[in-house]
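These are the residues of each chain, in order.
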Amino acid sequence: MLIKTADYTGSYVEVAKCPEGELPEFAFIGRSNVGKSSLINYLTGRKKLVKVSVTPGKTQTINYFLINGNLRLVDLPGYGFAKVSKENRARWRKMIENYLLGRKQLLYVFLLIDARIPPQAIDLEFINWLGQKSIPVVVVFTKADKPGARDISVNVQHFKQKLLENWAQLPPMFITSSEKNVGREELIGF
Ligand code: GTP
Ligand code: MG
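In short, a report on the structure. (Residues numbered from 1 in each chain as written. Chains lettered and ligands numbered in written order. Predicted model: local features only at pLDDT ≥ 70, side-chain atom pairs only at ≥ 80, totals over all residues. Heavy atoms only, no water.)

### Side note on the pairing of strand β6 (residues 137-142)
Here β6 lies mainly inside the structure; six of its six residues are buried. Once the chain exits strand β5 (residues 106-114) it traverses helix α3 (residues 121-132) before rejoining the sheet at β6, and the crossover so formed is right-handed. Direction of pairing for β6 relative to strand β7 (residues 173-175): parallel, over a ladder of three bridges. What sits directly across from V140, in β7, is F174. (Buried < 20%, exposed > 50% of the residue type's maximum accessible area, 1.4 Å probe, protein only. Helix = DSSP H or I, 4+ residues; strand = E, 2+ residues; numbered from the N terminus. Right-handed = clockwise from strand over helix to strand, strands pointing away. Pairing = 2+ DSSP bridges.)

### Focus on the nonpolar core
Of all hydrophobic cores here, the largest spans 34 residues; its most connected members are I29, L76, Y99, L100 and F126. Of all the secondary-structure elements, those providing two or more residues to this core are β2 (25-30), β3 (62-67), α2 (86-102), β5, α3, β6 and α4 (150-164). Core analysis: the next-biggest nonpolar cluster, separate from the first, contains 22 residues, L39, L49, F65 and V138 among them. (Core = buried A, V, L, I, M, F, W, Y, C linked by side-chain atoms within 4.5 Å.)

### Observations concerning the sheet that holds β7
Each strand in a sheet pairs with its neighbour through backbone hydrogen bonds, running either in the same direction (parallel) or in the opposite one (antiparallel). The seven strands lie next to each other as β1-β3-β4-β2-β5-β6-β7, forming an open sheet whose pairing is mixed. On the outer flanks of this sheet lie β1 (6-12) and β7, each paired with one strand and no other. Neighbouring strand axes in the sheet, compared pairwise and without regard to direction, differ in orientation by 25° on average. Here β2 pairs with β5 via six bridges, running parallel. Within β5, the position partnered with E25 by the bridge is L106. This element, α2, spans β1, β2, β3, β4 (71-75) and β5 of the sheet and lies at about 150° to β2. Running at roughly 165° to β7, α4 makes contact with β5, β6 and β7 of the sheet. (Axes fitted to C-alpha atoms, helices over the stretch in contact; angles between N-to-C directions. Contact = heavy atoms within 4.5 Å.)

Set out below in structure tokens:
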């Protein structure tokens, strides 16, 4: 797929206000600072389409990008940022749950996982929740700047093992680095 156009079309805090119509959409979610916005920039080949965080927790709305006029990418706010207040965390949860459970245009959730660290409980809890709700998920390992490095393959392997404690079959998985140009073709192809 050739990305000819990629345009920001709006930000929302309520699923009811998200764009109408039938265009399929793909949402990006994961821990705060995992590289969601960077990945969207990388995939679309637009360096400044999405703001990349200097401080974690930057993305707080549901942000829409229209690709080639025929599909949408959705940048969701990250979870697990320690400095977020209890009220904001509850608000996040409600907003994301409403979006993930209620958005009929949603085809796939791309769950981003930092490839540089061992499996984190918060990520496993989240992907297991997606599984319980039968929300189609693709795992995208990020920040694999040296994709062949031993720690990366160990972390990926451990993540798979953890998943297999609950999942009969593993979801599709991709290894990427927005910084070092890893995995774009594979993910776009998917
Ligand atoms: P929030 O919107 O705050 O949840 O963050 P985010 O998940 O959108 O992450 P963002 O893309 O803003 O990136 C967070 C930090 O990770 C930035 O400092 C990026 O430069 C860095 N980063 C993103 N992708 C990569 C990568 O492939 N490799 C490395 N080494 N750093 C990356
Ligand atoms: Mg972001």
